[in-house]
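Remarks on the overall topology
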Amino acid sequence: MSPDTRHSHLATLWEEIADLEHSLRYVDAAGYRTRVLDIAGAAPDAQTVVLASGTSGHIEAWTQNVRALAEAGFRVVGYDYPGHGHTSLADHPLEIRDYEEHLLALLDALELDRVHLAGESLGGWLALKFAPKHPERLRTVILSAPGGRVVGEPGLDRTQSVSARAVSEPTFENVRKRLQVVIHDPENITDELVRVRQAVYSRDGFSMANVSALREPERRWRNRVTDDDFAAVPVPALMVWTDNEPTGDEAEGARLCALIPDGQYLLIRGAAHWPQWEGAAEFNAAAVAFLHKHA
């Protein structure tokens, strides 16, 4: 595929939001200067969808979803975790309680009472832990290939080595290889996505050790997601899985969803660990229908 036509089916973040009323700003949340993308809803009292990304991720992981959610009438808020994206750096290894405290502080800073929380990978892990503790702050959760379970992951060592190389030598190709860990079809990796992550990994003081601390066995076990966590989700949940999910097959995704008291299952084919990106059309349609049902 030529450079001119490659990725032509995938829009850039700017293309997705250029004609929508939005702001990109920084707010203080739990002491972190937090980058926030805020896309206005169709009405002043529009309900809000908060987007939470994966480990070492950033707002741009939701590029293919923000417009569909906004055009469905929702206010859309994307943000970068501590140490991630362009939020101020973390000075210690981050655990789930750090992400929970930061999210709670962000909701307070933005004066958001109850939100729909959509999380992919680490974001789903966060949603699973946050929801039972703060059910009064949530309307629903969308779990997009949620992480946090302790399973046999043969690709974990490779993921860590590829991530380390992408940070120590953040060349275009090294960062692209890091994204190939989560995106099934390399043709679905846009140049913009690679450039954005290059910029993040090149930040002075960026620490993959701090943002990926939950990969360490002891820390991961302490913060792990169990079947009981799925069973404890107190709000309606849309569980999104794929046919190439590295942490479990299609049957495992369905099993986990069945544990949720009010769970709905969506299987996206031809995707790996970023269903919201690789299966955007299907994901967006299901997410909008789910959110409208529970709005």
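What this report covers is the structure whose coordinates are included nearby. Everything numeric in this text was worked out from a predicted model, so none of it was measured.

Rules behind the numbers
Residues numbered from 1 in each chain as written. Predicted model: local features only at pLDDT ≥ 70, side-chain atom pairs only at ≥ 80, totals over all residues. Heavy atoms only, no water. Helix = DSSP H or I, 4+ residues; strand = E, 2+ residues; numbered from the N terminus. Buried < 20%, exposed > 50% of the residue type's maximum accessible area, 1.4 Å probe, protein only. Polar contact = N/O pair within 3.5 Å; in protein donor to acceptor, adjacent residues only side chain to side chain. Contact = heavy atoms within 4.5 Å. Axes fitted to C-alpha atoms, helices over the stretch in contact; angles between N-to-C directions. Parallel < 35°, antiparallel > 145°, perpendicular 65-115°, else oblique. Nonpolar A, V, L, I, M, F, W, Y, C, P; charged D, E, K, R; others polar. Salt bridge = Lys/Arg side-chain N within 4 Å of Asp/Glu carboxyl O. Pairing = 2+ DSSP bridges. Right-handed = clockwise from strand over helix to strand, strands pointing away.

Next up on the list: the side chain of T63. Here T63 lies in the loop between strand 3 (48-52) and helix 2 (66-71). Judged by relative accessible area, T63 falls into the buried class, the value being 0%. At 2.8 Å, the side chain of T63 and the backbone oxygen of E60 are in polar contact. If sequence neighbours within four positions are ignored, T63 has contacts with A11, T12, L13, E16, E192 and W277.

The subject of this paragraph is the packing of helix 6 (residues 172-179) against helix 7 (residues 191-201). Packed helices, taken two at a time, are described by the angle between their axes plus the distance between the axes. Their axes nearest at 9 Å, the elements helix 6 and helix 7 cross at an angle of 105 degrees. Put simply, helix 6 runs roughly perpendicular to helix 7. Note on element contacts: helix 7 touches helix 6 through D191, L193, V194, R195, R197, Q198 and Y201, opposite F172, V175, R176, R178 and L179. When the residues that make up the contact of helix 6 with helix 7 are grouped by side-chain class, the tally is six nonpolar, one polar and five charged.

Inspection of the entire model under this criterion finds 19 salt bridges. R25 serves as the salt-bridge partner of D38, at 3.4 Å between the closest nitrogen and oxygen. You can see D38 sitting in strand 2 (residues 32-39) and its partner R25 sitting in strand 1 (residues 22-29), a full 13 residues away along the chain. You can call D38 buried: its relative accessible area is 9%.

Of note, E111 is a non-glycine position whose phi angle comes to about 55 degrees, a positive value. Of note, E111 is situated in the loop between helix 3 (96-109) and strand 5 (115-120). The backbone phi angle of S121 is positive, close to 55 degrees, even though this residue is not glycine. One can find S121 in the loop between strand 5 and helix 4 (122-133). A relative accessible area of 13% places S121 in the buried class.

To continue, consider the pairing of strand 3. When you tally the buried positions in strand 3, you get five out of five residues, the bulk of the element. Burial along strand 3 is two-sided: T48, V50 and A52 facing one way and V49 and L51 facing the other are all buried. Where strand 3 and strand 4 (residues 75-79) come together, four bridges link them in parallel fashion. Residue pairing across strands places V50 opposite V77, the latter belonging to strand 4. With helix 2 bridging strand 3 and its parallel neighbour strand 4, the resulting β-α-β unit is right-handed. Where strand 3 and strand 5 come together, five bridges link them in parallel fashion. Residue pairing for strand 5: V49 is matched across the bridge by H116.

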